[in-house]
Every structure is written in structure tokens, then in C-alpha cells.
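# Structural overview for review
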Amino acid sequence: EGLVPENLQANYTSPVSRGAVAGMFINLIEKATGKTIDEVMAKKGVSITEGVFEDTTDRNVLAANALGIINGTSKTKFSPNGTLKRAQIAAIINRVARVLGIETEGFTHEFNDITDNYAWADSELGWPVHAGIINGVGQGRFNPGGDLTTEQAILITYRGLSALKK
């Protein structure tokens, strides 16, 4: 489908970095809308802010940040080499849906391990689970703090395309 950048076409069972998946999310938005990311940003009235992060100049990261899809780990750092967690991709795919005009509020999930440090992800999980994009790990658990593997990121993005394509 043209979603997976070359840098993610290996090491499928390894944890995926935050920076490595940005291109995949941008590809997802472009494929789902049939528009370039610049056209999507223009329609939303946002633009890339150069220098927003001191540790990356990756245009995909900056575009996703401008659209409110990906946040930094602080006001000045993105941590592109940091590992993406399962809860984070749920939030990202939910935000992609909102950018594309899909109502994601009011959906719930049945996971029993969304607590403490990942309580913020509770409201982000409902729609992706309902849409069949994200699954748990068994026994009513989601494992929100678990490292996301490259293959999981690819599968979630691929399922996302089916749910988000207009």
C-alpha cells in the first residue's frame, strides 16, 4: 500500500523508535485522504515550525507534530531514538482519525491494565479497538507500557488505512 518507509522494512520483531514511524503516519494520512501532507496541513491551517525540537529536523516528525498527532517528550525534545510504547501508538492512531474528521469520542474498551502512568491512554483506546485497528495481548490486557515492535506498528498502520480511507 506504500505505507512502510524503507527504514522500517527490516528488524520486524525489534522495538520501533519514535522517529522511525513518523514517515509511516504521514504516508497513512496521505493514502487515506488522497492529498499530500502539505495539502492536509494547509486545509487544517497549520504549518511546520522549524526548530520546535532541538533533537530532530525530520520533516515527517515536524508535520505530524504540527497536526497534533505526535508530541515531544518535553517542550524542546522529541527523542527520535526513544522506543514507542503500545499506549502511544493508540493515541497517535486516534489523533490521526480526529485530524481526518472521524469522531473518536464515546468508544470504550475492555482492557483491565490501563492504570497509573498510562491512565491518560484510557480515552485514546476506545475508537482504535472498536475500529479493529488495535488488539490486546490476551486475558483482558493491553500492556500499554510494552515496547511496540516494528511489525506491530506496520500492522496497526495498515489496519488504520482500511478504517480511515475516505
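Up top is the structure these notes are about.
Here the structure is a predicted model, which is why all the values come from computation and not from measurement.

Here the focus is helix α1 (residues 22-33). With 12 residues, α1 should reach 16 Å at 1.5 Å per residue; the first-to-last C-alpha distance of 17 Å fits that figure. With 9 of 12 residues buried, α1 is to be regarded as a mostly interior element. Residues of α1 that are buried include every one of Ala22, Gly23, Met24, Phe25, Ile26, Asn27, Leu28, Ile29 and Ala32, and no others. Each element contacted by the buried residues of α1 is listed here: α2 (37-44), α3 (59-66), α4 (86-99) and α6 (150-164).

The subject of this paragraph is the side chain of Arg95. Relative to the helices and strands, Arg95 is located in helix α4. Here Arg95 occupies a buried position and makes no salt bridge, while the nearest side chain of opposite charge, Glu124, is found at 4.1 Å. In this structure Arg95 touches Gly68, Ile69, Asn71 and Glu124, once residues within four positions along its chain are discounted.

With that out of the way, let us pick up helix α5 (residues 122-130). Since one α-helical turn is 3.6 residues long, residues separated by three or four positions face the same way. For α5, every residue scored as buried is listed here: Glu124, Leu125, Gly126, Trp127 and Pro128. Taken together, the buried residues of α5 touch α4 and α6.

This brings us to the environment of Lys85. Following the sequence through the fold, Lys85 ends up in the loop between α3 and α4. Counting along the chain gives 59 residues from Lys85 to Pro144, while the straight-line C-alpha distance between them is 6.7 Å. With residues up to four places along the chain from it excluded, the contact list for Lys85 reads Tyr118, Pro144, Gly145, Gly146, Asp147 and Leu148. A polar side-chain atom of Lys85 sits 2.4 Å from a polar atom in the side chain of Asp147.

Turning to unusual backbone geometry, a few remarks are in order. What you tend to see is this: most non-glycine residues have negative phi, and most peptide bonds are trans. Even without being glycine, Ser79 reaches a positive phi, approximately 60°. Relative to the assigned elements, Ser79 resides in the loop between α3 and α4. Of note in the backbone geometry, Asp116 takes a positive phi value of approximately 50° without being a glycine. Relative to the assigned elements, Asp116 resides in the loop between α4 and α5. Among the residues examined, Asp116 registers a relative accessible area of 71% and is labelled exposed.

Looking now at the pattern of salt bridges. Where charged atoms of side chains with opposite charge meet at close range, the side chains can pair. Throughout the structure, instances matching the rule amount to 4 salt bridges. Arg59 is the partner of Asp38 in a salt bridge, and the nearest nitrogen-oxygen pair spans 2.5 Å. In this pair, Asp38 is assigned in helix α2 and Arg59 in helix α3, connecting sequence segments 21 residues apart. In this structure, the salt-bridge partner of Arg98 is Glu124, at a minimum N-O distance of 3.5 Å. With a gap of 26 residues between them, Arg98 in helix α4 and Glu124 in helix α5 connect regions that are remote in the sequence. Look at Arg98 and you get partly exposed, because its relative accessible area is 34%. Judged by its relative accessible area of 10%, Glu124 is buried.

The rules behind these values
- Per chain, residues are indexed from 1 in the order of the written sequence.
- The predicted origin of the model limits local features to residues at a pLDDT of at least 70 and limits the giving and counting of side-chain atom pairs to 80 or more, whereas totals for whole chains, interfaces and linings rest on all residues.
- Excluding hydrogens and water, the side-chain figures rest on all heavy atoms present in the structure.
- We count a stretch as a helix when DSSP gives it H or I for four or more residues in a row; a strand needs E for two or more, and each element gets its number in order from the N terminus.
- By definition here, a helix of n residues has an expected span of 1.5 Å times n minus one.
- Burial classes: relative accessible area under 20% of the type maximum marks a residue as buried, over 50% as exposed, and values in between as partly exposed (1.4 Å probe, protein chains only).
- Contact criterion: two residues are considered in contact whenever any of their non-hydrogen atoms come within 4.5 Å of each other.
- Positive charges come from Lys and Arg, negative ones from Asp and Glu, while His and the chain ends are left out of the count.
- Salt-bridge detection follows one rule: a side-chain nitrogen of Lys or Arg within 4 Å of a carboxyl oxygen of Asp or Glu.
- Contacts described as polar in this section are N or O atom pairs within 3.5 Å, which, within protein, must combine one atom able to donate a hydrogen with one able to accept it, while residues neighboring in sequence count only if both atoms come from side chains.

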